[in-house]
Amino acid sequence: LSKKIFNENFYEFNTWRSYFSDIKSVSFPFGFPILLSIISKIFGEYPRNAIFINILIAIISWFGIITLSQKFQLPKIYQITAAVTLILNPSYLDEVFSGRSIPLALALFVFAFVLIFENKFLAGLFFGISCLTRFDYLIYSFSAILGFIFLKKEKFNFLFYKNLKLIFGFILGLSPWIIFSFVHFGRFWVTDNFWVLASSKKAFVLDYPAFPEENFLNSPDRKSTR
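Residues numbered from 1 in each chain as written. Predicted model: local features only at pLDDT ≥ 70, side-chain atom pairs only at ≥ 80, totals over all residues. Heavy atoms only, no water.

**Remarks on the pattern of salt bridges**
Here is step 1: Across all of its chains, the model carries 4 salt bridges by this definition.
Here is step 2: Residue K71 pairs with E118 through a salt bridge whose shortest N-O separation is 3.0 Å. Note that K71 is positioned in helix α2 (residues 48–71) and E118 in the loop between α5 (102–115) and α6 (120–131), a separation of 47 residues in sequence.
Here is step 3: The class of E118 is exposed, set by a relative accessible area of 56%.
Here is step 4: One salt bridge connects R100 with E95, and the closest N-O pair in it is separated by 3.3 Å.
Here is step 5: Residue classification places R100 among the partly exposed residues on the basis of a relative accessible area of 37%.
Here is step 6: One salt-bridge network, held together by shared partners, links D94, E95 and R100. (Salt bridge = Lys/Arg side-chain N within 4 Å of Asp/Glu carboxyl O. Helix = DSSP H or I, 4+ residues; strand = E, 2+ residues; numbered from the N terminus. Buried < 20%, exposed > 50% of the residue type's maximum accessible area, 1.4 Å probe, protein only.)

Okay, here's the thing in structure tokens:
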């Protein structure tokens, strides 16, 4: 997908990985592919670029977690423990060295919290861009913003006005995918992930090779095979 960012066939996939469209990819948001495309313009198109980017992102995330811990005035040992817990987590390391997008989404999410007390607009923007990197961060970011707003014991109107920059930044961060969805599909927020979630059948997203649920033993047409 990163190869289809800066050309006339924007975000058209060349492998079958969509349940919603047979042209434009709606399985993955284009945040990470855009970053990969920019890096590829500088260093060339190599699969290892994603791994190098993720290693750098992991290092940046370390400092982000330390900075966030300092804002909560946690003891030094807790700050380091929090950072180590993420950086040395086997699942996280698998994402990093597999060149996937979760490290970038998580880094944006962490730095949104780092900025939320100093610059609400940038914090909201980071929350929004994290959703352009991973669709599931739409739930995390939206919940984080609601929690930040309503945990304070103030009147709703005042809270809304006070956090208008945060909300505006969040919407602005989401806007590229909203525009993409409207232009190509006429919907507010289109993604295969919601289709898979709502589907009553397993989608075999992680299975290779993919095996069907039905076989000759449980197929509705099994009687015809006897």
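**A short note on the packing of α2 against helix α3 (residues 76–87)**
Any two packed helices are characterised by the angle at which their axes cross and by the distance between the axes.
Here is step 1: α3 packs onto α2 with a crossing angle of 150 degrees between their chain directions and a minimal axis gap of 9 Å. You can see that α2 and α3 cross each other, and the crossing is right-handed. From α2, A58, S61, W62, I65, I66, S69 and Q70 reach across to α3, where they touch K76, Q79, I80, A82, A83, V84, L86 and I87.
Here is step 2: Grouping the constituent residues of the contact of α2 with α3 by class yields 10 nonpolar, 4 polar and 1 charged. (Axes fitted to C-alpha atoms, helices over the stretch in contact; angles between N-to-C directions. Left-handed = near helix turned anticlockwise from the far one by under 90°. Contact = heavy atoms within 4.5 Å. Nonpolar A, V, L, I, M, F, W, Y, C, P; charged D, E, K, R; others polar.)

**Here's the deal with helix α1 (residues 31–43)**
Here is step 1: End to end, α1 covers 19 Å across 13 residues, agreeing with the expected 18 Å (1.5 Å per residue, within 8%).
Here is step 2: Of all the residues in α1, the buried ones are G31, F32, P33, L36, S37, I39 and S40.
Here is step 3: Looking at the buried side of α1, the elements it contacts are α2 and α5.
Here is step 4: Residue G44 follows α1 closely and has a positive phi angle near 95 degrees. (Expected span 1.5 Å × (residues − 1).)

**Points about the confidence of the model for the protein**
Here is step 1: Chain-level pLDDT for the protein is 79 on average; 73% of the residues reach the 70-or-more range.
Here is step 2: Every residue in residues 196–200 scores below 50 in pLDDT, and together they form 2 contacts with partners more than four places removed in sequence or on other chains.
Here is step 3: Contacts from residues 219–226, a stretch scored under 50 in pLDDT, to residues over four places away or in other chains number 2 contacts. (pLDDT = per-residue confidence, 0-100.)

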